[in-house]
Amino acid sequence: MQKVNLVSNICSATEEVFSMMLDLPITVGEAYVEVNHDESFNGVESLIGLAGAWVGAGRLSCSTALACRLSGALLCAKYEYVNEDVLDAMAEVTNMIIGSVKTRIEDDFGPMGLSIPTVIFGRNYKARSTGGGDWTVVPFFCDGDRLDVKICLAPGNANSHQGPRAQPSAQHVL
Amino acid sequence: MALDVLIVDDSAAIRKILQRVLVQAEVPLGKVIEANDGREALDRLNAEKVGLILSDINMPNMDGLELLATIRANDQWKSVPIIMITTEGSQNKVLQALELGANGYVRKPFTADQIKEKLVGII
């Protein structure tokens, strides 16, 4: 069965957004598969749904400080704390990164729709998407601050026996 | 002559960025009118004349392709240049937008130069 290079597509999409829209440096860490994530989180998390023959979600997670920095870079402004502008900017960064990944993988996974992003922020919370599939996680570092870009995909019910299975490929980790 | 522009996107961040990009692209801006989705865009068009529309595709209430088709079917608005600015990058979506009458298509993420390039010859 064909392995689809999610990690490489996540890297390309993220680097493209950082260079074209944010003008911020990033380095990529080692990708991994996250199973049954149960740790609580402090910071900003942005989720966006994917639906087609394959269904799932994309997620960006980072600290509030990095969210403020990314938003400031996007909007040419300075943010000391998370406010409506920061939430909106993080939603749009998520839309662009996951949307770009979606376009890149549609040849293998078929056409997919993208939902409107949902952004959550706070302390000591857990978020979970139901529906199966493991999360492919690619960590990025922007001047030491970590941003995780995650994608989870599983066959839709009508196509559970068809299509490539999404797995990270170690040879494509940068 | 100053150009009145309608920017249609459910992201306030993108609407701000596009305003900035239009200035960087040295577009002689008049009024900048914003709409959160296709329905709001039609309300704005009923109230204001514009010389250019920049529109996202994926929006709630009415998406950009439906907005595009509605505008092109209306005698009052059918000649207004429309550029789609969207994360939708598949060939099918691009062709669909161009067939519906979009004058240009820019994929997000974008640079100011890419927007400027699309505007040349349109405005």
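Structure's up top.
Residues numbered from 1 in each chain as written. Chains lettered and ligands numbered in written order. Predicted model: local features only at pLDDT ≥ 70, side-chain atom pairs only at ≥ 80, totals over all residues. Heavy atoms only, no water.

**Q** Can you explain the nonpolar core? Please cite residues and give values.
**A** Residues A:L22, A:L74, A:I98, B:L54 and B:F110 are the most contacted members of the largest nonpolar core, which totals 67 residues. Here the element with the most residues in this core is helix α3 (residues 84–109) of chain A; it accounts for 11 residues. Filtering out sequence-adjacent residues up to four positions away, B:F110 remains in contact with A:M20, A:M21, B:I14, B:I17, B:L18, B:V21, B:I85 and B:I115. By size, the runner-up hydrophobic cluster in this structure holds 24 residues, among which are B:L6, B:L68, B:I82 and B:Y105. (Core = buried A, V, L, I, M, F, W, Y, C linked by side-chain atoms within 4.5 Å. Buried < 20%, exposed > 50% of the residue type's maximum accessible area, 1.4 Å probe, protein only. Helix = DSSP H or I, 4+ residues; strand = E, 2+ residues; numbered from the N terminus. Contact = heavy atoms within 4.5 Å.)

**Q** Residues and numbers for the interface of chain B and chain A, please.
**A** In many analyses, interface size is given as the accessible surface area lost on bringing the parts together. Contacts between chain B and chain A engage 20 residues on the former and 21 residues on the latter. Note on chain B versus chain A: buried area summed over both sides is about 1600 Å², and carbon and sulfur give 57% of it. Of all residues in chain B, B:R20, B:T87 and B:P109 give up the largest surface area on contact with chain A, accounting jointly for 31% of the area buried on that side. Summed over the shared surface of chain B and chain A, the result is 4 salt bridges. Between B:R107 and A:E16 there is a salt bridge, with its nearest N and O atoms 3.2 Å apart. The interface formed by chain B and chain A contains 11 residue pairs in polar contact (both at pLDDT 80 or more). Broken down by element, the residue count for the side of chain B that touches chain A peaks at 6 residues, all from helix α1 (residues 12–24) of chain B. In terms of residue class, the side of chain B that touches chain A is made up of 7 nonpolar, 7 polar and 6 charged. (Buried area = accessible area lost by both parts, 1.4 Å probe. Salt bridge = Lys/Arg side-chain N within 4 Å of Asp/Glu carboxyl O. Polar contact = N/O pair within 3.5 Å; in protein donor to acceptor, adjacent residues only side chain to side chain. Nonpolar A, V, L, I, M, F, W, Y, C, P; charged D, E, K, R; others polar.)

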